[in-house]
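Observations on chain architecture
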Amino acid sequence: MTEVLANNSATDTKPENAASDLQTAWIARGKNVLMNTYASFPIVLANGKGSYVEDVNGKKYLDFVAGIAVNSLGHCNDEYVKAVSEQLAKLVHCSNLYLNTPNIELAEKLVEGSAFDRVFFCNSGAEAIEGSIKLSRKYAKEAKGENCTKILSMTNSFHGRTYGALSATGQTKYQNGFQPLVPEMETVHFNDFESLATVDFDTVAAIIIEPIQGEGGVHPADLTFLKRIRELCTEENIVLIFDEIQCGVGRTGKFFAHENLGLAPDIVALAKGLGGGFPIGAFLATEKIASAFKNGDHGTTFGGNPLACTAALTCVNKIKQSSFLETVHKRGQLLHTLLKDLQSKHVAIKDVRGAGLMVGIELDQPVKSVIGACLDNGLLLVGAGEKVIRMLPPLTVSDDEIKSAVNILSSAVAASCRIEQV
Ligand SMILES: *Cc1c(COP(=O)(O)O)cnc(C)c1O
């Protein structure tokens, strides 16, 4: 870094240029050594506080991505920093050969008042899906027979990048180049119960659904569709898995997204917002399903370590409070109302949808230029597919921050979209 600074001061006298060269230099260094898997935005982030992050040049951004629905308490929340720092100095890791107290407390807190009895902790969303698939197959083989192995997933879904999760993902763009995939995984049409008409349910171990599809473009599942799937799974003894990795942990204004629906799955997978930025995933299951796992059936070295569980416990303790969830709900309503208002002013905005603080804004054109203009004006947004902008602010976002974000978006839409309505 000192070398870069020295080079800059040699070629540039203006401080802003020197600073912008610093970021450019970091980007070049990253391109040199990192695998070419991300089309990253051209900024390098250095720190954050609340709903704001700052790049290495000191430019501030209002963060309506929150690390893709991860920084649920915002950046560097005081309580979070204190709790994690204290645990860091106490015990970071001990493996699952031994129990640890944050792990047990977190599991208790997660199952309390829920439809689930037991928890398995892992380190990411994909791992939570892998574990959910393994548990479902183990259960189904024992309950329904050796041939009962099929996992049904939905078109347009996203479940992660590891082989099991990738194979269950209903979008070929993520799978191309990686075949052969895990066998006995089939896709049926999202929100279309009739597409299940030809399925032999005797061979189906599990059905996996995101209550609100995230990466696929912020598409909520129809309640009638979910109700019929729930009935089918109960009748046919099929494990119903909800992937709430993105929409769970308070994002919709309820702790679990399915609490908005009046029905519950047999397994729920969580990750993203659970650790507030610290990597942790989990899947929760009813006693009936969880009992299929016996000693040695599944495991992880890092999963459920005291540091990760302390981070998650700090988030969950806060988020599970009804006053906190009520505020998320209200902020979500404000965001939705302001965006609907924006839609009435810009014909380029085709739809505003989602729940709570998980919102998709569908345009009649690719969203890239709008997201780019917002970035320039100090607002971080992310796409979900080609034509959908996603807003996933920290759950602690304020009314004023929501208003600022919508104002910046409004200007960007006005500047970047082809047709303007007067
Ligand atoms: C992000 C995501 C995953 C994968 O999580 P990772 O932590 O990236 O492995 C799975 N399902 C959904 C719905 C997601 O949004």
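Coordinates for the structure precede this section.
Cut-off values and rules
Residues numbered from 1 in each chain as written. Predicted model: local features only at pLDDT ≥ 70, side-chain atom pairs only at ≥ 80, totals over all residues. Heavy atoms only, no water. Axes fitted to C-alpha atoms, helices over the stretch in contact; angles between N-to-C directions. Helix = DSSP H or I, 4+ residues; strand = E, 2+ residues; numbered from the N terminus. Parallel < 35°, antiparallel > 145°, perpendicular 65-115°, else oblique. Left-handed = near helix turned anticlockwise from the far one by under 90°. Contact = heavy atoms within 4.5 Å. Nonpolar A, V, L, I, M, F, W, Y, C, P; charged D, E, K, R; others polar. Buried < 20%, exposed > 50% of the residue type's maximum accessible area, 1.4 Å probe, protein only. Core = buried A, V, L, I, M, F, W, Y, C linked by side-chain atoms within 4.5 Å. Pairing = 2+ DSSP bridges. Phe/Tyr/Trp six-rings, centres within 6.5 Å; stacked < 30°, edge-to-face > 60°. Salt bridge = Lys/Arg side-chain N within 4 Å of Asp/Glu carboxyl O. Near = heavy atom within 4 Å. Polar contact = N/O pair within 3.5 Å; in protein donor to acceptor, adjacent residues only side chain to side chain. Areas by Shrake-Rupley, 256 points an atom, 1.4 Å probe, with all protein chains shown as cover. Expected span 1.5 Å × (residues − 1).

1. Some points on the packing of helix 13 (residues 368-376) against helix 14 (residues 399-416)
It is at 9 Å that the axes of helix 13 and helix 14 come closest, and there the two elements cross at 130°. On the basis of their axis angle, the class for helix 13 and helix 14 is oblique. Judged by the twist between their axes, the crossing of helix 13 over helix 14 is right-handed. Seen from helix 13, the contacting residues are Ser-369, Val-370, Ala-373 and Cys-374; seen from helix 14, they are Ile-408, Leu-409, Ala-412, Val-413 and Ser-416. Its residues placed into classes, the contact of helix 13 with helix 14 shows 7 nonpolar, 2 polar and no charged.

2. Topic: the side chain of Lys-150
Of note, Lys-150 is situated in strand 5 (residues 150-154). Relative accessible area serves as the criterion here: at 17%, Lys-150 is assigned to the buried category. When sequence neighbours within four positions are dropped, the list of residues in contact with Lys-150 reads Glu-184, Glu-186, Thr-203, Val-204, Ala-205 and Ala-206.

3. Considering the nonpolar core
The nonpolar side chains of a soluble globular protein tend to be buried with one another. By size, the foremost hydrophobic cluster in this structure holds 82 residues, and its most contacted members are Phe-64, Ile-207, Ile-209, Leu-339 and Leu-409. With residues up to four places along the chain from it excluded, the contact list for Ile-209 reads Met-154, Phe-190, Phe-225, Leu-226, Ile-229, Leu-240, Ile-241, Phe-242 and Asp-243. By size, the runner-up hydrophobic cluster in this structure holds 28 residues, among which are Ala-128, Ala-205, Ala-271 and Ala-290.

4. As for the pairing of strand 7 (residues 204-209)
Taken across its 6 residues, strand 7 has 6 buried, putting it largely inside the fold. Pairing of strand 5 with strand 7 involves 4 bridges; the strand directions are parallel. Bridging across to strand 7, Leu-152 finds its partner in Ile-207. Of the strand pairs in this sheet, strand 7 and strand 10 (residues 239-243) are connected by 4 bridges, and their pairing is parallel.

5. Some words on the packing of aromatic side chains
Following the criterion strictly, the structure yields 6 aromatic pairs and no others. Pairing Phe-190 with Phe-225 gives two aromatic rings, centres 6.2 Å apart and planes at 80°, and the pair type is edge-to-face. Of this pair, Phe-190 sits in the loop between strand 6 (185-188) and strand 7 while Phe-225 sits in helix 9 (residues 223-236); the two residues are 35 residues apart in sequence, bridging distant segments of the chain. Looking at Phe-225, the relative accessible area reads 3%, which means it is buried. Members of the aromatic cluster, each reached through a chain of ring pairs, are Phe-116, Phe-255 and Phe-256.

6. Side note on the pattern of salt bridges
Here the structure, examined in full by the defined rule, presents 16 salt bridges. Across the pair Glu-79 and Lys-318 runs a salt bridge whose closest N-O atoms are separated by 2.8 Å. Of the two residues, Glu-79 sits in helix 4 (residues 78-88) while Lys-318 sits in helix 11 (residues 306-319), which places them 239 residues apart along the sequence. One network of salt bridges, in which partners are shared, links Lys-138, Glu-142 and Asp-297.

7. Thoughts on the site of the ligand
With respect to spatial proximity, the complete set of residues near the ligand consists of Ser-124, Gly-125, Ala-126, Phe-158, His-159, Gly-160, Glu-210, Asp-243, Ile-245, Gln-246 and Lys-272. Contact between the ligand and Asp-243: a nitrogen atom at 2.7 Å from a side-chain N or O atom of the residue. Considering the ligand on its own, with 380 Å² of exposed area, one finds that the protein chains cover 81% of that surface. Among the residues forming the shell around the ligand, the class breakdown is 3 nonpolar, 5 polar and 3 charged.

8. Structural notes on helix 12 (residues 322-345)
In a regular helix each residue adds 1.5 Å, so 24 residues correspond to 34 Å; helix 12 covers 35 Å between its end C-alpha atoms and thus fits that length. Residues of helix 12 that are buried include every one of Phe-324, Leu-325, Val-328, Gly-332, Leu-335, Leu-339, Leu-342 and Gln-343, and no others. Buried residues belonging to helix 12 abut helix 11, strand 13 (349-355), strand 14 (358-363), strand 17 (388-391) and helix 14.

9. Here we look at unusual backbone geometry
Looking along the chain, the bond that leaves Gln-179 and enters Pro-180 is cis, with omega of 5°. Its location among the elements puts Pro-180 in the loop between helix 8 (172-175) and strand 6. A positive phi angle, near 65°, is found at Asn-191, a position not held by glycine. Relative to the elements of secondary structure, Asn-191 occurs in the loop between strand 6 and strand 7.

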